[in-house]
Amino acid sequence: MARATSTSGAVADKPVAVEPLIRVQDLAVSFDNGSGPRIQAVDGVRMSIYPGQTLAVVGESGCGKSVTAMSSLQLVPRPPGRFDRGSVWFRSRLAGELGSSNGEVDLLRLDEPRMRQVRGNEIAMIFQEPMTSLNPVYTVGDQILEAILLHQNVDVDQATEIALKAMRDVGIPEPERRIKQYPHQFSGGMRQRVMIAMALACRPKLLLADEPTTALDVTVQAQILELLRELQVSRGMAMMLITHALGVVAENADVVCVMYAGRVVEYATVLELFDRPLHPYTRGLLASIPKLGERKDRLVTIREVVENPAEFEKLPGAGEGVRPWWPWHQPPKDLAAKDEPAGDYYLQEVSPNHWVGVWRTAAVRDHQSRPPDLAYILPRQATGAA
Ligand SMILES: Nc1ncnc2c1ncn2[C@@H]1O[C@H](COP(=O)(O)OP(=O)(O)OP(=O)(O)O)[C@@H](O)[C@H]1O
Ligand SMILES: [Mg+2]
């Protein structure tokens, strides 16, 4: 049971019972690298998404965004991939069948037949490059129908009706004609709409959208995001939105998770993150956005912001000696706890609803902590917040 607040921080009158739809706990995934050391793609990632919420996952190329999303659906090839640690708890219809007492199942540990019942059904994923996810030798209709027939107990006529409706819902004109066409007969934007129609035909509770608009031009990007938002509101669907674009985050997310080098370095509501970025990497990221009317001779480098931890130490949840985790730095030696491995990373709540990756030192260990969990943040669509 939690008190509901909007993203603006106002507390609603009635407490609302909310449970996370998905909780990623200490996920670590590595890849075999031939003779070299394994590549630790993801190392202790934590996040949670509530029904109807949009969690944006941002961070530079290779930081582990796709691996995090794909692990949840067991789409990471194993080998070379391997789940080293962690769980991905999901509130699933399978919970009863699997004898789960709290309604959650660990997606990392489902067998393949059960995983198939979740994939494309309770959770759908759309990928960055729609052409690689659509099969060029089958018509678009065949592919949407296949997705529906696989997951829903309907005959071909009913499935066709669902497919046509899904195409209409995502704004594909003349679906009766288009359903017989092949992927190459669609523009990039229309192909991405087909992918969304396919993903949404089964009415998933959660959509994993991995850079759904990166391959598209700006106008089409805006249309697709608008479409996702509308569908999300009308269906109360939750979304993990992976993106490079901070503008997309500002306009679409409720909660933001910033990743760097396989870790979560910052986790907060969208307003909090843009208003008061705390981790040097996030600051660097935000400082690098050129602002209208502002002349910048050069972009601030991340290194520059990292070098000044003084301000960070003043935070209530941080305190003296608490330093932002940063892979290129050694942990503060004076405070390194004797019984903790040196260089350990910890996700610390340094102010209400605001987590930052810090070095795990004695100071951090003694501080009360909880995993990032923004139950109080209702989707902005539901609260009407701007
Ligand atoms: N199949 C694979 N085999 C080996 N290494 C992999 C594989 N998939 C991912 N990796 C490695 O895991 C790390 C994280 O990759 P991931 O695809 O999650 O990055 P990303 O944050 O999604 O980046 P981008 O923004 O470029 O999509 C990278 O170092 C990548 O090289
Ligand atoms: Mg990726």
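Reading guide: rules and limits
- Residues numbered from 1 in each chain as written.
- Chains lettered and ligands numbered in written order.
- Predicted model: local features only at pLDDT ≥ 70, side-chain atom pairs only at ≥ 80, totals over all residues.
- Heavy atoms only, no water.
- Phe/Tyr/Trp six-rings, centres within 6.5 Å; stacked < 30°, edge-to-face > 60°.
- Helix = DSSP H or I, 4+ residues; strand = E, 2+ residues; numbered from the N terminus.
- Buried < 20%, exposed > 50% of the residue type's maximum accessible area, 1.4 Å probe, protein only.
- Lys NZ or Arg CZ within 6 Å of the ring centre and 35° of its normal.
- Near = heavy atom within 4 Å.
- Polar contact = N/O pair within 3.5 Å; in protein donor to acceptor, adjacent residues only side chain to side chain.
- Areas by Shrake-Rupley, 256 points an atom, 1.4 Å probe, with all protein chains shown as cover.
- Nonpolar A, V, L, I, M, F, W, Y, C, P; charged D, E, K, R; others polar.
- Pairing = 2+ DSSP bridges.
- Core = buried A, V, L, I, M, F, W, Y, C linked by side-chain atoms within 4.5 Å.
- Contact = heavy atoms within 4.5 Å.
- Axes fitted to C-alpha atoms, helices over the stretch in contact; angles between N-to-C directions.
- pLDDT = per-residue confidence, 0-100.
- Parallel < 35°, antiparallel > 145°, perpendicular 65-115°, else oblique.
- Left-handed = near helix turned anticlockwise from the far one by under 90°.
- Expected span 1.5 Å × (residues − 1).
- Salt bridge = Lys/Arg side-chain N within 4 Å of Asp/Glu carboxyl O.

Enquirer: Provide a residue-level description of the packing of aromatic side chains, including the pertinent values.
Expert: The full count for this structure, using the stated rule, is 4 aromatic pairs. A ring pair is formed by Tyr267 and Trp355, whose centres lie 6.0 Å apart and whose planes are at 90°; its orientation type is edge-to-face. In this pair, Tyr267 sits in strand E12 (residues 263-269) while Trp355 sits in strand E14 (residues 354-359), placing the two residues 88 residues apart along the sequence. No difference in accessibility class separates Tyr267 from Trp355, as the two residues are buried. Each residue in the set Trp325, Tyr345 and Trp359 is aromatic and connected to the rest through ring pairs, giving one cluster. For Arg178, the ring lying beneath its charged end belongs to Phe186, and the centroid distance is 4.3 Å.

Enquirer: Residue-level account of unusual backbone geometry, with values.
Expert: With an omega of -10°, the peptide bond between Arg78 and Pro79 qualifies as cis. With respect to the helices, strands and loops of the structure, Pro79 is situated in the loop between helix H1 (65-72) and strand E6 (81-91). Non-glycine residue Asp26 carries a positive phi angle of around 50°. Here Asp26 lies in strand E3 (residues 22-31).

Enquirer: Describe in detail the site of ligand 1, supporting the description with residues and values.
Expert: Ser61, Gly62, Lys65, Ser66 and Val67 are the nearest of the 15 residues found near ligand 1. Within the backbone of Gly64, a nitrogen or oxygen atom sits 3.0 Å from an oxygen atom of ligand 1. One of the side-chain N or O atoms of His244 is found 3.2 Å from an oxygen atom in ligand 1. Contact with the protein chains hides 66% of the accessible area of ligand 1, taken as 640 Å² for the molecule alone. Elements with a contribution of two residues or more to the shell around ligand 1: strand E4 (39-49) and H1. When residues in the shell around ligand 1 are grouped by element, the largest group, 3 residues, is from H1. Residues belonging to the shell around ligand 1 are distributed by class as follows: 7 nonpolar, 5 polar and 3 charged.

Enquirer: Go over the pairing of E3, please, and point to the residues and values.
Expert: Buried residues dominate E3, accounting for 7 of its 10 residues. Looking at chain direction, E3 and E6 are connected through 8 bridges and run antiparallel. Along E6, the bridge assignment pairs Gln25 with Ser87.

Enquirer: Tell me what's going on with the nonpolar core, and back it up with residues and numbers.
Expert: In this structure, Met47, Leu107 and Leu206 are the most contacted members of the largest nonpolar core, which totals 62 residues. Looking at this core, the element that brings in the most residues is strand E11 (residues 255-260), giving 6 residues. Apart from the residues within four sequence positions on either side, Leu206 is in contact with Leu21, Ile22, Ile49, Phe90, Glu122, Ile123, Ala124, Met237, Ala238, Met239 and Met240. In this structure, Leu145, Met167, Ala197 and Val220 belong to the second largest nonpolar core, which totals 39 residues.

Enquirer: Outline the sheet that holds E3, supporting the account with residue identities and numerical values.
Expert: The sheet built from 4 strands is open, its strands ordered E4-E3-E6-E7 with antiparallel pairing. One side of each edge strand has no neighbouring strand; the edge strands of this open sheet are E4 and strand E7 (104-106). Pairs of neighbouring strands in the sheet enclose a mean axial angle of 10°, with direction left out of account.

Enquirer: Would you mind going over the confidence of the model for the protein in detail, with residue names and values included?
Expert: Per-residue confidence for the protein gives a mean pLDDT of 81; residues scoring 70 or more make up 76%. Taking the mean pLDDT of every element in the protein, the minimum, 42, falls on strand E1 (residues 2-5) and the maximum, 97, on E7.

Enquirer: Kindly report on the packing of helix H4 (residues 140-151) against helix H7 (residues 188-200), identifying the contributing residues and their values.
Expert: Remark: H4 packs on H7, axes separated minimally by 8 Å, with the N-to-C direction vectors making an angle of 25°. With respect to H7, the element H4 is oriented roughly parallel. Handedness of the H4/H7 crossing: right-handed. Note on element contacts: H7 touches H4 through Val194, Ala197 and Met198, opposite Val140, Gln143, Ile144 and Ala147. Classifying every residue of the contact of H4 with H7 gives 6 nonpolar, 1 polar and no charged.

Enquirer: Could you give me a rundown of H4, with the residues and numbers involved?
Expert: Along an α-helix, a turn takes 3.6 residues, which lines up residues three or four apart on a common side. Given a rise of 1.5 Å per residue, 12 residues ought to cover 16 Å, and the 17 Å separating the end C-alpha atoms of H4 matches this to within 8%. Listed as buried for H4 are Val140, Gly141, Gln143, Ile144, Leu145, Ala147, Ile148 and His151. Residues of H4 that are buried make contact with helix H2 (112-118), helix H5 (156-169), helix H6 (175-178) and H7.

Enquirer: Kindly report on the packing of H4 against H5, identifying the contributing residues and their values.
Expert: Packing of H4 against H5 leaves a shortest axis separation of 9 Å and a crossing angle of 115°. Overall, the two elements H4 and H5 adopt an arrangement that is roughly perpendicular. By crossing handedness, the relation of H4 to H5 is classed as right-handed. Listed contacts from H5 to Val140, Ile144, Leu145, Ile148 and Leu149 of H4 are Val156, Ala159, Thr160, Ile162, Ala163 and Met167. Here the residues of the contact of H4 with H5 sort into 10 nonpolar, 1 polar and no charged.

Enquirer: Would you mind going over the environment of Arg203 in detail, with residue names and values included?
Expert: Counting through the fold element by element, Arg203 comes out in the loop between H7 and strand E9 (206-210). On the basis of relative accessibility, which here comes to 52%, the residue Arg203 falls in the exposed class. Once the C-alpha coordinates of Arg203 and Asn121 are considered, the two residues, 82 residues apart in sequence, prove to be 7.0 Å apart. Arg203 has contacts with Asn121, Lys165 and Arg235, leaving out every residue within four places of it along the chain.

Enquirer: Quick rundown of the pattern of salt bridges? Include the residues and the values.
Expert: Under the definition given, this model contains 19 salt bridges. Across the pair Lys165 and Asp169 runs a salt bridge, and its minimum N-O distance is 3.0 Å. Residue Lys165 and its partner Asp169 are located together in helix H5, separated by 4 residues, close to a single helical turn. Asp169 sits in the partly exposed class, given a relative accessible area of 30%. Where Arg235 meets Asp169, a salt bridge forms, and the shortest distance between an N and an O atom there is 3.5 Å. One end of the pair, Arg235, is in helix H8 (residues 218-235); the other, Asp169, is in helix H5, with 66 residues separating them in the sequence.

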